[in-house]
Every structure is written in C-alpha cells, then in structure tokens.
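In case you want the letters, here they are:
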Amino acid sequence: MSDLKTSLNAIKDKNFGYFFDKDGKCYIYHTKFGKERKSEISGNDNIESKFENLIHNIYNENKDKFNSLKEAFENYLKIYGDKSTIHIKFDKDGEFLQTKSKIVDNFSKTFKQNNFNDETFKQWWDKSINSARMQGNATNLLKDKTKLADNLEKINDAVSNSSNLTELLAELENVEGMKATARELAYWMQFRDGKFPLKDDKFPLANDASVNTAKYIFEMLNENSNNELKSIKENSNIQNNEQAYFDFVLKKLEVERTPNLPKYYILDQFLNLIDKIKNSDLALITKEKLDKNDESKDIKQSAYYKLYQAAYDFANLCGKADIKSNDLEGFKKLLKTHKNIIFHGIPGTGKTYTIVNNVKNIIKNENQMLITQFHPSFSYEDFIEGIKPAGIENGQLKLELKNGIFREFCDKAKEEEKGFLEKLEKGNFNEALSDHGYFFIADEINRAELSRVFGELLYALEYRGEKGKIKTQYASMRDDEDFYVPENMFLLGTMNDLDKSIDSFDLALRRRFIWQEMECDYNVIRDEIYANNIEEYAQACKKLNDKISKDIGEKYQLGHSYFLKIEFKNDEIKDSDMKKLFSNRFEALLKEYLRSEYNEKEIQTQLDSLKKLFVIEKNDDKNK
C-alpha cells in the first residue's frame with residue numbers, strides 16, 4: 001500500500017485525487033466531478049493511463065446526458081412553446097412575462113415629465129427586479145435619489161447604444177453601486193414596446209447565476225475548456241468570456257426563437273432550470289399535473305416531467321442538483337472584502353448547510369473546500385503542526401513533525417495563489433474565486449479552545465500573503481521556514497449563539513473576524529414546503545418565534561430547519577400536524593430553555609401557552 005501511495009502522490013495534476021475506503025480499496029477521481037465518479041485502482045495499474053480513461057469516460061457521459069437534456073428541451077418547446085416560462089413555480093397563472101413587462105411600462109412612469117417619481121419607483125422595484133433584493137431594496141436605493149435617477153438613465157442609454165453583450169457591459173461600467181441590478185434591468189429594457197410576442201433580444205441576461213451556469217455547461221462538455229475558449233475568441237468577434245459561454249450553449253441547444261419568445265430569453269429559462277433544479281421539483285410536477293396539454297397518460301412520460309428529469313440528471317453529474325444558495329451574490333460580496341467570517345445565530349438556521357452550498361456553487365474543484373468540526377480536544381497540533389507518532393523503528397516509537405489540516409490546506413492553496421492574484425488584477429473576482437479560491441470551513445468553531453488552536457496564527461490571518469509571514473512554534477525543525485496564509489484562502493466558521501463555549505472566543509481573535517448573524521428565514525419555509533395554506537403556516541411559525549423572543553429571549557427562537565420538519569397530507573397543513581410537530585420536535589428543546597427561569601409547573605404552563613399559539617389562523621380569527 002505504501003508503494004501505491006508513493007505513486008499516487010507523485011501525480012502532480014491538480015485535477016487528480018484519490019482516496020481509500022474503509023475496506024482499504026483505493027479509488028482515483030477527477031476533483032472537478034467529485035468522489036462519486038471514481039475508478040478503482042491497484043498497485044499493478046498504470047495510474048496516469050487509468051486517469052486518462054476515467055476523464056474520457058466522464059466527458060462522454062456528460063455529452064450523452066446533455067444530448068438527452070437537449071432532446072427533452074426540444075420536445076417540451078414543441079408542446080409548451082406558447083408558455084412564458086418553463087419554471088413550475090411561476091406556471092400557475094402562465095403570466096410570468098406579463099409581470100416582467102411591467103418593468104418597462106413603469107420605467108417611463110418613474111421619470112414623469114422629466115421628474116423622478118419615487119412613489120412609482122417604490123411600487124414596482126422590489127417585485128419587478130429580482131436582483132434588487134440582493135443589491136438593496138427600493139428604500140435603500142432612494143437614499144441618494146439623484147444618483148439613482150442618473151443610474152437609471154445610464155441603463156436606458158446603454159440598452160439603446162449596445163448591439164451585443166460586450167458593448168452593454170462596457171456601457172454599464174458607468175453605473176455606480178447597482179451593477180448586478182443594472183444587467184437585469186437592461187435585459188428587460190430591450191422590450192420597450194411591451195407587446196407580445198416579444199421582439200428579438202440583442203444580448204442575454206448576464207446575471208451571475210446565468211453566467212456561472214453557462215460556464216459550468218461549457219466546462220462540462222469541453223475537456224480542454226481553456227483552449228476551446230481561446231479558440232472561440234480568436235475565430236470570432238466575441239471579446240468577453242460571458243458572451244462565449246452563452247453562444248456556445250445556445251449553439252449546442254440548436255434552439256432559435258419561437259413565435260412567442262426570443263432566443264436569449266429561451267436560453268435564460270434553460271440556464272435557470274439547470275441552476276435551480278431540485279429533486280423535489282419532480283414531485284411537484286406530479287402533484288400539480290402540469291401535463292394537461294400533453295397527450296401522455298402517465299405523467300412521468302410527459303414532456304414536462306422528462307425535461308425536469310433530464311435537467312436533474314445533467315446537473316447531478318457535477319453535484320449541482322439540489323444545491324441551494326442563500327443569497328449567493330451577497331455571500332460573494334462579503335468575500336470580496338473579508339476573508340475571515342463567522343456565521344452565527346440561533347440553532348436551526350442552516351449556517352453550515354448554507355455556507356457549504358454557497359461554496360459548492362462557487363468552486364470549480366472539490367479540493368478547493370475542506371470542512372472540519374472543532375471540538376474540545378482539538379489542538380494546535382491538529383490545526384497547524386506538531387510532533388506526532390510515525391510508526392515503530394528499531395523497536396522504538398518514531399516521532400515526526402507533521403502538518404495540521406489547516407497548514408496542509410494552505411500549502412495546496414499557495415499553488416493557486418498566483419492565478420488568483422492575476423485574475424484579481426484584471427478585475428475578474430468571480431472567476432478568481434471560482435478557479436483559485438480555497439475555503440476552510442470550521443464548523444462549531446467556538447467548541448475548541450481557540451487561543452491554543454490558533455496560536456501565533458492571528459497575525460497571519462490579519463495580513464494575508466507573504467506580508468503576513470510568521471515563524472511557527474516548530475520553525476526551527478523546518479530550517480526556519482516561515483508560514484503564511486495565502487491571499488486565496490478564506491476561513492469561514494459557524495457557531496450557535498446559545499452554546500456556552502462562546503466565551504472561548506477571546507477579543508483578540510474576535511477582531512480578526514467579521515460576524516454575520518443568521519436568523520430564521522420564513523421565505524425558506526415558503527419555498528420548501530408545498531402546501532395550499534403555506535402562507536398561514538409561515539405566519540404561525542413567526543408568531544411562535546415572536547412569543548419565544550418576548551417571553552424567553554431572542555437567542556432562544558427556532559430556526560427555519562425546525563419548521564421544515566412538518567409532516568402533512570393532501571397538500572394541506574392542519575392544526576393536528578402542527579401539534580404533532582410541537583410535541584415531537586419543539587417541546588423538549590423549549591423545556592430546556594425554560595428550565596433556568598421557571599419551576600416544573602411554570603414550565604408546563606409556558607409550554608402549553610406556546611403550543612396553543614402555534615396553530616393555523618382562520619380567516620374569522622384574522623378579522624377580529
């Protein structure tokens with residue numbers, strides 16, 4: 001086994017990875033595609049040849065899955081080409097584009113007689129522009145009304161002056177403080193007449209989600225994606241990567257505009273399906289019976305279901321399916337200015353889940369992320385370096401200096417640091433993050449004795465790169481080799497505010513991190529639970545938390561993951577379902593919270609009052 005490990009470690013390809021399972025079998029894998037798509041290997045195999053075969057098989061499978069998706073998409077358009085969206089959550093009224101057209105109608109009303117009308121702006125902004133919730137709501141944007149009006153005029157002019165995406169992005173450089181929103185608004189401003197069917201669009205909707213998904217498909221289908229991108233740009237008038245990605249996918253789909261919809265709009269619908277697909281969507285199609293225009297009797301044979309199944313299968317190849325982001329653009333914005341972040345808050349807010357999924361949505365290769373859970377016995381030797389046993393030699397225990405997991409991960413990141421900095425210099429932050437960013441996630445970070453774990457690392461965390469070089473405790477055993485945390489390394493931690501060990505976070509260490517609080521997100525409850533009375537349920541959850549906050553304390557509220565555990569039938573949440581959830585999931589936890597303030601009799605009284613409050617509010621109750 002040691003000979004095999006030596007051979008495996010000799011492979012310097014950054015896309016190469018290996019692991020041993022619990023039975024001692026060894027597998028090699030491509031880091032971009034994860035350990036699921038692996039190949040077993042033994043000491044007799046030619047490792048490089050076997051890795052080449054694995055890669056070849058992976059890309060062939062990718063192409064087969066994409067072709068199946070393409071065929072399903074074509075069949076869908078034949079039957080549902082008159083629809084304005086392929087997304088099931090917008091399908092109930094079939095008027096998705098009509099809603100978007102109001103963006104254009106209200107844009108002109110905002111500038112009534114050359115005067116900025118902030119009331120009209122407030123009425124349509126948050127509901128019309130998806131990106132606005134990430135970049136700032138109407139109230140925040142209106143704090144500088146002159147700047148906002150000037151920005152909107154620049155967006156309007158950019159649409160008129162641009163015939164392609166390259167020109168549009170150049171024009172939008174003049175917009176300040178709302179670039180993501182500007183791209184979205186600019187796309188819809190192409191349809192100024194507000195009539196249907198829509199006119200042809202000159203450029204695609206280039207928000208980060210669509211660009212990243214188009215890039216992901218491009219890299220899934222091209223083994224030598226960098227060379228392919230270079231070739232496309234050399235042999236065409238395309239000047240930026242985004243346009244190359246969009247046009248590549250559009251060409252692969254071989255879809256032109258339908259009688260109702262222009263080509264880039266169709267492309268955006270397709271990209272959003274890949275980006276947002278979840279396995280639960282397949283169940284929703286079955287519930288909603290969205291195949292009513294389809295002749296298939298079996299819903300699973302309908303064009304709608306086959307499209308979603310093919311989209312899920314393709315997205316799942318790279319681990320993208322079911323990955324949900326929590327304000328991904330806000331997360332990236334945070335990373336742009338901070339590299340040490342603690343996500344804290346009440347239990348059940350999905351801190352670890354959110355961070356891991358956001359990182360997975362960013363990185364290109366699996367080895368760019370490492371997650372570990374801190375605990376009371378976690379030490380400096382585990383984290384940075386230390387003297388550890390290395391076997392028996394001549395009947396005596398042999399000791400060696402070994403890297404801890406953080407130092408080892410930093411060494412990997414340093415190999416990509418130059419590429420990260422080069423892309424930053426060119427202003428390509430998202431690309432630098434995706435291609436060269438490394439993320440160390442410390443779950444339950446406050447459960448360890450942090451001053452001991454981090455040691456002299458505080459300086460290196462504050463000053464990234466070589467300017468933050470330090471001598472570690474064992475530097476003399478490394479010929480005085482200095483250590484630093486590379487520029488492309490992000491340290492993310494999670495912690496529950498209720499954990500008593502929170503006090504272990506001393507002030508010196510606290511200053512090295514910024515702190516992001518996560519609260520119960522009732523929109524997650526609305527998005528994840530498919531029930532006819534979901535709004536009433538979400539309001540009941542909020543009412544319960546408000547009561548807990550008032551009677552026990554803010555930090556004792558329940559996170560949304562607790563409320564997602566509701567079980568119900570026939571698409572309707574009943575009071576009996578909520579009582580069962582309260583008894584099985586909430587009661588024991590709340591009892592512990594109350595124990596420090598009340599005696600047993602008072603605890604039960606408090607619990608009973610909370611349980612009675614956690615019910616679906618009827619219409620006649622609302623009117624009282």
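Read on for a plain summary of the structure. (Residues numbered from 1 in each chain as written. Predicted model: local features only at pLDDT ≥ 70, side-chain atom pairs only at ≥ 80, totals over all residues. Heavy atoms only, no water.)

1. Structural notes on the overall build of the protein
For the protein, the helix and strand inventory stands at 29 helices and 10 strands. If you take every contact in the protein between residues at least 6 apart in sequence, the share linking residues at least 24 apart comes to 67%. Here the protein has roughly 31,600 Å² of accessible surface; of this, 44% comes from carbon and sulfur atoms. (Helix = DSSP H or I, 4+ residues; strand = E, 2+ residues; numbered from the N terminus. Contact = heavy atoms within 4.5 Å. Areas by Shrake-Rupley, 256 points an atom, 1.4 Å probe, with all protein chains shown as cover.)

2. As for the sheet that holds strand β8 (residues 438–443)
Here we have 5 strands laid out as an open sheet, ordered β5-β8-β9-β4-β10, and parallel in their pairing. The sheet is open, and its two edges are formed by β5 (369–373) and β10 (514–518), each paired on a single side. The average undirected angle you get between the axes of adjacent strands in this sheet is 20 degrees. Bridge count between strand β4 (residues 340–345) and β10: 5 bridges; the pairing is parallel. Each bridged residue has a counterpart across the sheet, and for Ile341 the counterpart in β10 is Ile514. Its contacts with the sheet put helix α19 (residues 405–425) on β5, β8 and β9 (489–496), and the angle it makes with β8 is roughly 150 degrees. (Pairing = 2+ DSSP bridges. Axes fitted to C-alpha atoms, helices over the stretch in contact; angles between N-to-C directions.)

3. Section: the packing of helix α16 (residues 328–337) against helix α20 (residues 429–436)
Between α16 and α20, whose axes approach to 11 Å, the crossing angle comes to 90 degrees. Between α16 and α20, the angle is such that the two are roughly perpendicular. Across from Lys332, Leu335 and Lys336 in α16, the residues of α20 making contact are Phe429, Asn430 and Leu433. Here the residues of the contact of α16 with α20 sort into 3 nonpolar, 1 polar and 2 charged. (Parallel < 35°, antiparallel > 145°, perpendicular 65-115°, else oblique. Nonpolar A, V, L, I, M, F, W, Y, C, P; charged D, E, K, R; others polar.)

4. Details of the packing of aromatic side chains
Scanning the entire structure with this criterion turns up 35 aromatic pairs. When the centroid spacing of 5.4 Å and the interplanar angle of 80 degrees are considered together, the rings of Phe563 and Phe586 count as edge-to-face. Taken as a pair, Phe563 in helix α26 (residues 560–563) and Phe586 in helix α27 (residues 575–595) lie far apart in primary sequence, 23 residues in all. Each member of the pair, Phe563 as well as Phe586, carries the same accessibility label: buried. Summarising the aromatic geometry, the rings of Phe582 and Phe586 are spaced 5.8 Å apart at their centres and angled 75 degrees between planes, so their arrangement reads as edge-to-face. On the criterion of helical spacing, the pair formed by Phe582 and Phe586 is a turn pair, its members being 4 residues apart in helix α27. Like Phe582, the residue Phe586 is buried in the burial classification. A network of ring pairs unites the aromatic residues Phe374, Phe378, Phe383, Phe406, Phe409, Tyr438, Phe440, Phe454 and Phe513 as a single cluster. Here the guanidinium or amino end of Lys35 rests over the ring plane of Phe19, the centre of that ring lying 5.2 Å away. Sitting over the ring of Tyr484, Lys414 keeps its end group 4.2 Å from the ring centre. (Phe/Tyr/Trp six-rings, centres within 6.5 Å; stacked < 30°, edge-to-face > 60°. Buried < 20%, exposed > 50% of the residue type's maximum accessible area, 1.4 Å probe, protein only. Lys NZ or Arg CZ within 6 Å of the ring centre and 35° of its normal.)

5. Quick look at the sheet that holds strand β3 (residues 38–41)
Spatially, 3 strands are ordered β1-β2-β3 in an open sheet, and the strand pairing comes out antiparallel. Every interior strand has two partners, whereas the edge strands, β1 (16–20) and β3, have only one. Mean inter-strand twist for the sheet, computed between neighbouring axes without regard to direction, equals 30 degrees. The pairing of strand β2 (residues 26–30) with β3 spans 4 bridges and is classified as antiparallel. Paired with Tyr27 across the bridge in β3 is Glu40. In the packing of helix α2 (residues 47–80) onto the sheet, the strands contacted are β1, β2 and β3, and the crossing angle to β2 comes to about 50 degrees.

6. A word on the nonpolar core
Residues Phe73, Ile155, Ile217, Val249, Phe270, Ile274 and Phe314 are the most contacted members of the largest nonpolar core, which totals 93 residues. No other element matches the 13 residues that α2 contributes to this core. Beyond its immediate sequence surroundings of up to four residues, Phe270 is in contact with Phe66, Leu69, Phe73, Ile86, Ile217, Val249 and Leu253. One finds Ile342, Ile445, Ala448 and Val485 within the second-largest nonpolar core, a separate group that totals 31 residues. (Core = buried A, V, L, I, M, F, W, Y, C linked by side-chain atoms within 4.5 Å.)

7. Remarks on helix α10 (residues 208–221)
Taking 1.5 Å per residue, 14 residues should reach 20 Å; α10 reaches 20 Å between its end C-alpha atoms and fits that length. α10 sits mainly inside the fold: 11 of its 14 residues count as buried. Within the sequence span of α10, burial applies to Ser210, Val211, Thr213, Ala214, Lys215, Tyr216, Ile217, Phe218, Glu219, Met220 and Leu221. Against α2, α11 (225–234), α12 (241–253), α13 (263–276), α15 (303–316) and α20 lie the buried residues of α10. (Expected span 1.5 Å × (residues − 1).)

8. Comments concerning the layout of surface pockets
The probe, sized like a water molecule, is rolled over the atoms to show the empty space still left. As a volume, the second largest pocket reaches approximately 480 Å³. Looking at the second largest pocket, it is lined by 25 residues, and the ones nearest its centre are Asn15, Lys32, Ser225, Asn226 and Lys364. Sorting the residues of the lining of the second largest pocket by element identifies α2, α10, α11, α12, α19 and α20 as the ones contributing at least two each. The biggest single contributor to the lining of the second largest pocket is α11, with 4 residues. (1 Å grid on protein atoms, 1.4 Å probe; cavity = no way out; pocket = protein on both sides within 12 Å on 5 of 7 lines; lining within 4 Å. Points joined across faces, edges and corners; volume = space filled by probe spheres on them.)

9. Regarding a nonpolar patch on the surface
A cluster of nonpolar residues, Ile387, Ile392, Leu397, Leu399 and Met477, forms a patch on the protein surface that exposes about 520 Å² of accessible area. When residues of the nonpolar patch are traced back to their parent elements, those giving at least two are β6 (385–393) and β7 (396–403). Structurally, Ile392 can be placed in strand β6. Judged by its relative accessible area of 65%, Ile392 falls in the exposed class. (Patch = residues over 30% accessible without salt bridge, like charges linked within 9 Å, V, L, I, M, F, W, Y side chains within 5 Å. Salt bridge = Lys/Arg side-chain N within 4 Å of Asp/Glu carboxyl O.)

10. Some points on the side chain of Ser302
Structurally, the position occupied by Ser302 is in the loop between α14 (279–288) and α15. Within the structure, the side chain of Ser302 is placed 2.6 Å from the backbone oxygen of Ile299, a separation counted as a polar contact. (Polar contact = N/O pair within 3.5 Å; in protein donor to acceptor, adjacent residues only side chain to side chain.)

11. Observations regarding empty space enclosed by the protein
The final tally for this structure, using the stated rule, is 2 cavities of 30 Å³ or more. The calculated volume of the largest cavity comes to roughly 70 Å³. Along the walls of the largest cavity sit Phe73, Tyr76, Leu77, Tyr80, Gly81, Lys83, Ser84, Thr85, Ile86, Leu261, Ile266 and Gln269, which together make up its complete lining. Within the residue set of the lining of the largest cavity, elements represented by two or more residues are α2 and α13. Considering every element that reaches the lining of the largest cavity, the biggest residue donor is α2, with 4 residues. When its residues are assigned to classes, the lining of the largest cavity shows 7 nonpolar, 4 polar and 1 charged. Here the second largest cavity is characterised by a volume of approximately 30 Å³. If you go around the second largest cavity, the residues you meet are Lys14, Asn365, Asn367, Gln368, Glu416, Asp435 and Tyr438. Per-class residue counts for the lining of the second largest cavity are 1 nonpolar, 3 polar and 3 charged.

In short, geometric facts, not functional conclusions.
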